[in-house]
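# Secondary and tertiary structure notes
Spelled out, the chains give:
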Number of protein chains: 2
Amino acid sequence: MTSTKTVPDVLRRAHDLVGPVARDAVWRLSPEIRPLVEYHLGFVDSHGRPAEASSGGKGVRPALAILSAEAAGAGAATGVPGAVAVELVHNFSLLHDDVIDCDQERRHRPTVWALFGIGPAIIAGDALLALAQKVLLEAPAGGAAAACCLADATGSMISGQALDMAFESRPSVDVESCLAMEAGKTGALLGCASSIGAVLAGADEEAVAALREFGVQLGLAFQAVDDLLGIWGDPRATGKPAFGDLRQHKKTLPVAAALAAGDALAEELASLLSVELLDEAQVARAARLVDHCGGRAIATDEARGRLAAALGALDGAALEPSAREELREVAGFVVAREF
Amino acid sequence: MTSTKTVPDVLRRAHDLVGPVARDAVWRLSPEIRPLVEYHLGFVDSHGRPAEASSGGKGVRPALAILSAEAAGAGAATGVPGAVAVELVHNFSLLHDDVIDCDQERRHRPTVWALFGIGPAIIAGDALLALAQKVLLEAPAGGAAAACCLADATGSMISGQALDMAFESRPSVDVESCLAMEAGKTGALLGCASSIGAVLAGADEEAVAALREFGVQLGLAFQAVDDLLGIWGDPRATGKPAFGDLRQHKKTLPVAAALAAGDALAEELASLLSVELLDEAQVARAARLVDHCGGRAIATDEARGRLAAALGALDGAALEPSAREELREVAGFVVAREF
């Protein structure tokens with residue numbers, strides 16, 4: 001797969017540009033909510049003491065937002081409100097997803113609901129969603145169009161999460177539904193991140209659409225890689241148990257594709273996945289079956305194909321060349337590792 | 001108290017105008033989320049069958065939004081996106097508050113989380129918040145300013161809810177903090193409802209500010225009445241047990257004001273309220289103590305004073321006279337009963 005393990009320079013650049021503005025935005029939250037958000041974002045530890053190293057994400061979304069402003073010929077500063085807003089919405093979804101999935105840990109620390117309670121975690125997420133809209137609507141120009149773009153992406157992301165929850169009670173999921181869910185849950189916000197800077201810059205609809213398509217496809221590529229890592233990822237690298245997604249009966253792309261094979265091995269897989277608690281031998285057997293039924297190959301092809309589609313979307317559009325090159329770099333980085 | 005029990009005509013008028021647009025908006029939600037929202041809004045029963053009579057609220061907020069457009073000299077239609085958006089945000093907050101407060105019933109029916117689960121209720125609320133922004137940003141004019149106004153109000157409402165949650169673990173709450181919480185939790189969204197139509201109509205800042213002030217003060221008047229009913233309301237009318245708020249140790253305005261009296265009776269009240277489970281005699285004694293310590297009188301004065309302030313805010317502004325009169329009617333109705 002075309003990919004790079006080198007961290008693109010733009011991640012550091014975006015971090016330095018966006019970080020202070022994001023902290024100012026968080027500072028506007030009420031004193032009851034702010035500490036929870038500061039903890040969630042890794043600004044402070046569970047006692048409210050400044051954290052030595054931020055345990056936040058890699059900052060891919062803010063970098064994409066900055067680059068999308070530059071790709072439209074504007075300065076990086078134009079993309080900053082978009083970068084902050086997208087990051088706030090991303091963290092709104094993490095706060096609520098952790099409650100919904102009963103996840104006790106994120107980035108090797110207790111989740112907000114596990115530490116502060118379910119009610120406070122819900123409220124903190126809500127506050128970030130309202131704040132994100134506010135940040136955009138206060139942008140010097142293009143704020144209304146950008147807010148509309150963010151509200152759309154947020155709606156799609158929420159629909160994707162609802163579909164994911166609905167899958168849990170279904171015995172099987174077809175590949176098409178699985179991709180639709182992933183397009184909502186991961187693609188929509190990356191599509192927004194990759195175009196919101198251009199929207200703020202007042203770029204024409206063609207450039208915005210190309211950048212959005214780049215982000216949506218990149219989101220699907222990332223998700224396919226994530227699904228592969230969820231089964232075959234090295235536990236030392238992912239921080240999650242081997243075959244983790246299979247233990248949790250998650251109907252991710254490799255599993256959906258394997259079940260669709262419809263042969264005797266797929267039937268064995270289906271009956272294995274109907275067992276409530278899988279032992280070590282069963283989980284390893286399930287992973288081998290997903291591989292034998294073609295699930296691993298299909299997900300790998302999907303990641304490769306979506307990355308190519310993302311890069312292809314950039315090729316056809318009139319974009320500032322150096323920003324386009326940096327977007328390509330970020331894309332390679334995203335599929336090469338977790339973010 | 002100056003009030004009327006007659007249902008103002010504008011509530012029916014707003015219902016007929018806003019209802020179909022609200023249903024169209026809800027129809028845009030994904031198939032996994034829509035049924036929960038339709039149930040919550042009383043469009044359907046728990047089996048998804050159309051409900052004979054809507055069990056939704058009285059529709060005060062949509063009526064205020066419509067009137068605020070008319071007060072600014074625009075047609076009622078101008079206020080409709082604002083009415084829909086405010087109602088969506090109100091219901092977002094109900095969905096999440098029911099989860100946070102573990103409330104099993106609302107309007108004599110099981111709450112969404114009790115029926116469908118916590119995760120789906122969180123997601124349904126999230127979807128309404130994103131949809132509300134979308135509805136406003138698509139308004140033919142004034143959408144960005146209205147969206148900003150709604151995001152502000154939503155932020156204040158969430159802060160108020162956070163403060164309310166924080167009060168639960170405090171032994172006492174001063175009157176000022178209590179009013180600040182109520183201004184956020186109830187006042188902000190009513191202030192938004194009462195001015196958003198004027199914002200959509202492009203009214204000048206002075207008229208918008210007067211209408212917002214009317215709504216904020218009306219919200220505080222309503223809340224004071226609600227706090228009185230929470231202790232002394234007739235269970236047959238409120239559908240809640242007598243002295244309900246005292247049983248739940250809620251630090252509402254009458255309680256906060258009574259505790260602030262600082263005399264021997266206030267001390268007796270404080271020690272009663274520190275008892276985890278109050279028996280019937282204790283709860284009746286606590287209610288008498290709140291009364292004796294002046295809490296009932298202070299909350300009654302508060303309701304009266306806030307209603308007067310709300311009406312006063314209308315008097316000073318250049319507003320269309322018949323809309324102003326209808327706003328006065330709604331105000332009288334709101335403090336005369338639950339909505």
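Only a predicted model underlies this, so the values are computations on that prediction, with no experimental measurement involved. (Residues numbered from 1 in each chain as written. Chains lettered and ligands numbered in written order. Predicted model: local features only at pLDDT ≥ 70, side-chain atom pairs only at ≥ 80, totals over all residues.)

### Considerations on the overall build of chain A
Across its full length, chain A holds 16 helices and two strands. For the C-alpha atoms alone, the extent of chain A along its principal axes is close to 60 × 50 × 30 Å. By residue count, 55% of the 339 residues in chain A fall in the buried class. For chain A, restricting intrachain contacts to residue pairs at least 6 apart in sequence, the fraction spanning at least 24 positions comes to 72%. (Helix = DSSP H or I, 4+ residues; strand = E, 2+ residues; numbered from the N terminus. Buried ≥ 20, exposed ≤ 12 C-beta atoms within 10 Å, placed from the backbone. Contact = placed C-beta atoms within 7 Å.)

### With respect to helix H4 (residues 76-100) of chain A
Residues and elements named next belong to chain A. Taking 1.5 Å per residue as the helical rise, H4 with its 25 residues ought to reach 36 Å, and the 36 Å between its terminal C-alpha atoms agrees with that figure. Counting buried positions along H4 gives 22 out of 25 residues, so the element sits mostly inside the fold. Just downstream of H4 lies Cys 102, where phi reads positive at about 55 degrees. (Expected span 1.5 Å × (residues − 1).)

### Remarks on the interface of chain B and chain A
At the interface, 33 residues of chain B touch 33 residues of chain A. Elements that contribute at least two residues to the side of chain B that touches chain A include exactly helix H4 (76-100), helix H6 (118-137) and helix H7 (143-167) of chain B. Ranked by the residues each element gives to the side of chain B that touches chain A, the list is headed by H7(B), at 15 residues. A class-by-class count of the residues in the side of chain B that touches chain A yields 20 nonpolar, nine polar and four charged. (Nonpolar A, V, L, I, M, F, W, Y, C, P; charged D, E, K, R; others polar.)

### Observations concerning the confidence of the model for chain A
Any segment with low pLDDT has predicted coordinates that should not be analysed in fine detail. Residue and element names in this part refer to chain A. With 96% of its residues at a pLDDT of 70 or more, chain A shows a mean pLDDT of 93. The spread of mean pLDDT over the elements of chain A runs between helix H10 (residues 235-238), the lowest at 77, and helix H3 (residues 60-71), the highest at 98. Model confidence for the complex: the whole-complex pTM is 0.94, and ipTM, which rates the interface, is 0.93. (pLDDT = per-residue confidence, 0-100.)

### Considering the relation of the copies chain B and chain A
In the superposition of chain B on chain A (RMSD 0.0 Å, axial shift 0.0 Å), the rotation amounts to 180 degrees. The superposition of one copy onto the other is thereby described by a two-fold rotation axis. Across chain B, the rotation axis passes nearest the C-alpha of Ala144(B), at a separation of 2.6 Å. Here 100% of the contact residues of chain B are again contact residues in chain A; the copies associate through an equivalent surface. (Least-squares fit on C-alpha atoms with pLDDT ≥ 70 in both.)

### Brief notes about unusual backbone geometry
Negative phi is the rule for most residues except glycine; trans is the rule for most peptide bonds. All names here are of chain B. Despite not being glycine, His 108 shows a phi value in the positive range, around 60 degrees. Within the secondary structure, His 108 sits in the loop between strand E1 (105-106) and strand E2 (109-110). A positive phi angle, near 55 degrees, is found at Phe 243, a position not held by glycine.

### Some remarks on the environment of Tyr39(A)
All names here are of chain A. If you trace the backbone, Tyr 39 turns up in helix H2 (residues 34-40). Note on Tyr 39: 23 C-beta atoms within 10 Å, which makes it buried. Taking the C-alpha atoms as reference points, Tyr 39 and Thr 186, separated by 147 residues in sequence, lie 24 Å from one another.

### Quick word on helix H8 (residues 175-193) of chain B
All names here are of chain B. Here H8 contains 19 residues, and its C-alpha end-to-end distance of 26 Å stays within 8% of the 27 Å for a straight helix at 1.5 Å per residue. The sharpest bend along H8 comes to roughly 45 degrees, located at Gly 187. A large share of H8 lies buried, amounting to 14 of its 19 residues. (Bend = angle between axes of the 7 residues up to and from the residue.)

### Remarks on the packing of H8(B) against helix H10 (residues 205-232) of chain B
Each pair of packed helices can be described by the angle between their axes along with the distance between the axes. Residues and elements named next belong to chain B. Orientation of H8 relative to H10, taken along the N-to-C sense of each, is 140 degrees, at an axis distance of 7 Å. The angle between H8 and H10 places the two elements in the oblique class. Considering the relative orientation of H8 and H10, their crossing is right-handed. Packed against H8, whose contacting residues are Glu 182, Ala 183, Thr 186, Gly 187, Leu 190, Gly 191, Cys 192 and Ala 193, the element H10 presents Arg 212, Gly 215, Val 216, Leu 218, Gly 219, Leu 220, Phe 222 and Gln 223 at the interface. Of the residues assigned to the contact of H8 with H10, the class counts are eight nonpolar, six polar and two charged. (Axes fitted to C-alpha atoms, helices over the stretch in contact; angles between N-to-C directions. Parallel < 35°, antiparallel > 145°, perpendicular 65-115°, else oblique. Left-handed = near helix turned anticlockwise from the far one by under 90°.)

### Some details on the packing of H3(A) against helix H8 (residues 175-200) of chain A
Residue and element names in this part refer to chain A. Remark: H3 packs on H8, axes separated minimally by 6 Å, with the N-to-C direction vectors making an angle of 40 degrees. In this view, H3 runs oblique relative to H8, as classed from their interaxial angle. The two elements H3 and H8 meet at a crossing, and its hand is right-handed. Where H3 approaches H8, its residues Arg 61, Leu 64, Ala 65, Ile 66, Leu 67, Ser 68, Ala 69 and Ala 71 are matched on the opposing element by Ala 193, Ser 194, Ser 195, Ile 196, Gly 197, Ala 198 and Leu 200. Residue composition of the contact of H3 with H8, grouped by class: ten nonpolar, four polar and one charged.

### Observations concerning the environment of Leu218(B)
Residue and element names in this part refer to chain B. When you line up the elements, Leu 218 lands in helix H10. Owing to 29 C-beta atoms within 10 Å, Leu 218 belongs among the buried residues under this scheme. Along the primary structure Leu 218 and Thr 186 are separated by 32 residues, whereas in three dimensions their C-alpha atoms are 9.2 Å apart. Once residues within four sequence positions are removed from consideration, Leu 218 is found in contact with Leu 190, Ser 194, Ala 310, Ala 331 and Val 334.

### Quick notes on the environment of Ile118(B)
All names here are of chain B. The residue Ile 118 is located in helix H6 in this model. For Ile 118, a count of 18 C-beta atoms within 10 Å corresponds to the partly exposed category. Spatially, the C-alpha atoms of Ile 118 and Val 99 are 6.6 Å apart, while their sequence positions differ by 19 residues. Every residue in contact with Ile 118, bar those within four places of it in the chain, is listed here: Val 99 and Trp 113.

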